[in-house]
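# Structural description and commentary
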Amino acid sequence: MEVLQIIQKTPDELEERIYNRFKKDFENLKNHYQPKEPVEFLTRNEVRDLLKVDLSTVWGWTKKGKLKSYGIAGRVYYKRSEVEAAIQPLKV
């Protein structure tokens with residue numbers, strides 16, 4: 001980390017050093033920034049429809065830990081990204 005030395009600096013020199021430092025940090029942030037995507041939650045019925053299985057199958061996969069469920073206000077939801085990630089390619 002660069003340490004600013006402000007002893008014997010004019011206000012203009014100090015302003016320029018501060019500006020350059022913030023500009024460098026801002027460019028770094030801009031180049032590495034990745035916005036968060038909103039999490040999409042699905043109900044049990046939506047998971048059932050997405051995977052074309054019975055609700056008892058969704059429940060069984062949840063009990064076995066193949067699908068992770070989340071409880072919100074007494075309701076059960078699944079993250080779409082996690083449901084999609086649970087789908088494994090078959091080795092033929």
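Look up a bit, the structure's there.
Description of the structure in this document. (Residues numbered from 1 in each chain as written. Predicted model: local features only at pLDDT ≥ 70, side-chain atom pairs only at ≥ 80, totals over all residues. Heavy atoms only, no water.)

## Brief notes about the environment of Arg75
Mapped onto the elements, Arg75 comes out in strand S3 (residues 75-79). Between the C-alpha atoms of Arg75 and Asp12, which are 63 residues apart in sequence, the distance is 60 Å. (Helix = DSSP H or I, 4+ residues; strand = E, 2+ residues; numbered from the N terminus.)

## Details of the packing of aromatic side chains
Working definition: an aromatic ring pair is given by the centre-to-centre distance plus the angle between the planes. Here the structure, examined in full by the defined rule, presents two aromatic pairs. Taken together, a centroid distance of 6.5 Å and an interplanar angle of 75° make the contact between Phe41 and Tyr77 edge-to-face. Of this pair, Phe41 sits in strand S1 (residues 41-43) while Tyr77 sits in strand S3, placing them 36 residues apart in sequence. Owing to a relative accessible area of 35%, Phe41 belongs among the partly exposed residues under this scheme. (Phe/Tyr/Trp six-rings, centres within 6.5 Å; stacked < 30°, edge-to-face > 60°. Buried < 20%, exposed > 50% of the residue type's maximum accessible area, 1.4 Å probe, protein only.)

## Some points on the sheet that holds strand S2 (residues 69-72)
If you walk across this open sheet you meet the three strands as S1-S3-S2, and the pairing is antiparallel. What marks the edges here is a single partner per strand, and that holds for S1 and S2. For this sheet, the mean angle separating the axes of adjacent strands, direction not counted, is 45°. Pairing of S2 with S3 involves four bridges; the strand directions are antiparallel. Paired with Gly71 across the two strands is Val76, which belongs to S3. Set on the sheet, helix H2 (residues 44-51) makes contact with S1 and S3; between it and S1 the angle comes to about 90°. (Pairing = 2+ DSSP bridges. Axes fitted to C-alpha atoms, helices over the stretch in contact; angles between N-to-C directions. Contact = heavy atoms within 4.5 Å.)

## Notes on helix H3 (residues 55-63)
When H3 is considered as a whole, its buried residues turn out to be Val58, Gly60 and Thr62. Among the structural elements, H2, S2 and S3 are those in contact with the buried residues of H3. Positive backbone phi, approximately 85°, marks Gly65, located one or two places after H3.

## Digging into unusual backbone geometry
Phi is positive for Lys52, which is not a glycine, with a value near 55°. Structurally, Lys52 can be placed in the loop between H2 and H3. Relative accessible area serves as the criterion here: at 73%, Lys52 is assigned to the exposed category. For Ala73, which is not glycine, the phi dihedral falls at a positive 55°. Summarising the element assignment, Ala73 is placed in the loop between S2 and S3.

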